[in-house]
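Close look at the chain arrangement
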Amino acid sequence: MSSQDTPVMQPAGGKTADKVFKGIAYACGILILVVLAAVFLFLFFRAWPLIGGDQSANSATISSFTGGKTNSFWGYVLPLLFGTVLVSILALLIAFFISIGIALFISHYAPKKIATGLSYVVDLLAAIPSVIYGLWGGLILVPAIYPFWNWVATYLGWIPLFAGPAANPQRTVATVAVVLAVMVLPIITSMSRDIFLQTPTLQQEAAYGLGATKWEMIKLAVIPFGKSGIVSASMLALGRALGETMAVLMILSPGLTYSIKLLQASQNQTIAANIAAQYPEANDLGVSTLIGTGLILFLITFVVNYAARKITEKASV
Amino acid sequence: MRKNVLVRSIAALSGIVMLAGLAACGDNTASTSSNGSSSSATKSEPVSGDFQGAGASSQQAAVEAWIAGFQGNNPDAKIAYNPSGSGAGVSTFLTGATAWAGSDKALSDDEVSQSKAVCASGAAFDVPVYISPIAVVFNLKGVSDAGKHINMDASTIAKIFDGKITTWNDDAIQSQNKDLKLPATPITVVHRSDKSGTTQNFVSYFKDAAPNDWSYDLSENWPNSVGQGAKGTSGVISTVQQADGTIGYADFSQVGKLGTVAVKVGDSYNEISAEGGSKVIEDSKLDDTATGENRVVVKINHETEAKGAYPIVLVSYMIACPAYKDAKNAEFAKSWLTYVTSDDGQKAAQDAASSAPLPSSLTSKITKSIEAIKTK
């Protein structure tokens, strides 16, 4: 009898476990929504004095932040937003092609031993804390990169982006973008590598069968297969670059303009770095203002993620 | 929350009880005992307990030295200082969470009236405790080795920091430095990118000494977009070190191996020194716009012509109540401020942070203000 009981009991026990697990999964899913809502509400209520408070006091606060250059919230946050997006997109542009190159090298070109070693190194790169990148960028890269940027400014200065004279020391958007590119590189690389490795062998063989060279095979089979993965990896990387604080804070000489002169100092600043820089000496209203800029950053990351979703959907169709 | 409310109501209750005790004493006994108790508080009767302060980060090195020195006499006193910045320090003090605040600027009238809610009686007052000369540092190949100087008057420095003078061999600089051969290197100005009392004190020197060359309003944030911004004193120093042709400003203690600018005072060029910083304060008057009992606010005389004076200084204050709701805080504040402004305290700060000692012309006024803190 007992031997008959167990098979009957097992599905029952399995059912409870199923229910419990379902509950846990639901709870986890809901928890992330609750956390998100809590963050949003925190930002919104702490930033409320900006909207609902005494406007003349707000103007005075913002004016004290900017040394009298502007006294409206939008005049303050829009240049910051511009700087944030500019730095992040530049970093993404630099990192994107290099990352795809590394990923393809690991997945299709490198001998197995080298590929394993390289994957390991790339993952290690992702684990380095940003403050280390900041120190490296601020103390080593800034003086070291000046001759190169100076060369760029001298010979490519006719392109508005590289208009000279190059600032010395090079605590500029260009240098920050290079450091951020190094930081987001492992994210794009490791995600694209994983996707490339999953390309169906059948498709690859078929491409070879049609007489394709290796480069043509990658163009025909690997890249189209990995497209949506590459896009979502890039968006993840962009998200990281948008919120990067320490490295920017330690390298960039900040300014509040809409300038795209990458090689000149004191042109742009990012929202995250600005919060970190101004928070220690801010009074109550100042903190509200900074949290207000944080709210804008929060919304922008949402917009970026939403756009990424749309692009990925289109790409995968 | 609930614990906080409990603590506050106990504090309020004990405050009321203390007030009743004070009233019972009458003032003829209080005046004689206040002298006696103040000396006993610093010398024979050690203070014990936990005490918090918050405020200006410029004072941090000095406060650390003061805490060490104070604990030598009062081993049971635990003191914590949060260098959260002048603005944050004052607002924390105004909530009653700290026993004192450090600030790079004197209280505003508004803050003084707000403090009446926090102090047991009267309004908060500020006394100068820390005078720190601000160095104008520069890095120029062949000119700026450690201890080297370059001569400039106020208007030249203001023009450089306003982007009006852009190369080192500009006539304005060369004519004041006949014996130096200055290169044609472009000047890179380095300023603080964060809010800072150092910035405010630095530009207030331009405002007074070169008003025609400096049109910006006083502010703790750097007002123009000339040159480069760097976070904190350490950021300014490392940026100045990184390239040829840079010039910046920083606390005297942080100068290290960089060259400094000798500033024109009267007919001579004076190098930066702690004594020079004291001399300009000695030659300054009290700010008569700072009304309020016991307040000692210095109006720095940037146009001083005193011999050996160095006019670019930061004066940092400590803010305290004349009477506290908590008797322990009162005893501590009195004893702490007495130590900080004493010769011993100023010596400790000078060793730790290269600050300038308080001139004797001020100490009598400061002592009088501190004596006014009611401990019983």
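Taking an unreviewed UniProt entry as the reference, chain B is identified by name as Phosphate-binding protein belonging to Bifidobacterium platyrrhinorum.

The name an unreviewed UniProt entry assigns to chain A is Phosphate transport system permease protein, from the organism Bifidobacterium platyrrhinorum. Per UniProt, the comment on chain A under Subcellular location (unreviewed entry) is "Cell membrane".

On a plain count of helices and strands, chain B comes out with 13 helices and 13 strands. In chain B, which comprises 376 residues, the proportion classed as buried is 52%.

Before going further, it helps to spend a moment on the packing of helix α4 (residues 73-109) of chain A against helix α7 (residues 173-197) of chain A. Between two packed helices, both the angle of their axes relative to each other and the distance between the axes serve to describe the pair. At a closest axis distance of 6 Å, the pairing of α4 of chain A and α7 of chain A adopts a crossing angle of 35°. Pair α4 of chain A / α7 of chain A crosses with right-handed handedness.

Moving on to α4 of chain A. Compared with an ideal rise of 1.5 Å per residue, which puts 37 residues at 54 Å, α4 of chain A spans 52 Å between its outermost C-alpha atoms and is within 8% of the ideal. Of all the bends found along α4 of chain A, the most pronounced is centred on A95 of chain A and spans about 30°.

Once that is clear, we can look at the packing of α7 of chain A against helix α9 (residues 214-243) of chain A. Residues and elements named next belong to chain A. Packing of α7 against α9 leaves a shortest axis separation of 8 Å and a crossing angle of 150°. Classed by the angle they form, the pair α7 and α9 counts as roughly antiparallel. The hand of the α7/α9 crossing is right-handed. Listed contacts from α9 to L180, M183, V184, I187, I188, M191, S192, I195 and F196 of α7 are V222, G226, G229, I230, A233, S234, L236, A237, R240 and A241. Across the contact of α7 with α9, the residue classes tally to 14 nonpolar, 4 polar and 1 charged.

Moving on to the interface of chain B and chain A. For interface size, the figure often reported is the accessible area lost on association. Taken together, the contact between chain B and chain A spans 28 residues of the former and 25 residues of the latter. For the side of chain B that touches chain A, the elements supplying multiple residues, two or more each, are α4 (86-95), β7 (228-230) and α9 (232-242) of chain B. The element that contributes the greatest number of residues to the side of chain B that touches chain A is α4 of chain B, accounting for 4 residues. Among the residues forming the side of chain B that touches chain A, the class breakdown is 6 nonpolar, 17 polar and 5 charged.

What follows covers the pairing of strand β3 (residues 100-103) of chain B. Residues and elements named next belong to chain B. Of the two faces of β3, the one holding W100 and G102 and the one holding A101 and S103 are both buried throughout. Both strand β1 (residues 49-55) and β3 contribute to a ladder of 3 bridges, which runs parallel. Note that in β3 the partner of A54 across the bridge is A101. Pairing geometry for β3 and strand β13 (residues 313-320), over 3 bridges, is antiparallel. By the bridge assignment, A101 is partnered in β13 with I319.

About the thresholds
Residues numbered from 1 in each chain as written. Chains lettered and ligands numbered in written order. Predicted model: local features only at pLDDT ≥ 70, side-chain atom pairs only at ≥ 80, totals over all residues. UniProt positions renumbered as here; feature names shortened; annotations may be inferred. Helix = DSSP H or I, 4+ residues; strand = E, 2+ residues; numbered from the N terminus. Buried ≥ 20, exposed ≤ 12 C-beta atoms within 10 Å, placed from the backbone. Axes fitted to C-alpha atoms, helices over the stretch in contact; angles between N-to-C directions. Left-handed = near helix turned anticlockwise from the far one by under 90°. Expected span 1.5 Å × (residues − 1). Bend = angle between axes of the 7 residues up to and from the residue. Parallel < 35°, antiparallel > 145°, perpendicular 65-115°, else oblique. Contact = placed C-beta atoms within 7 Å. Nonpolar A, V, L, I, M, F, W, Y, C, P; charged D, E, K, R; others polar. Pairing = 2+ DSSP bridges.

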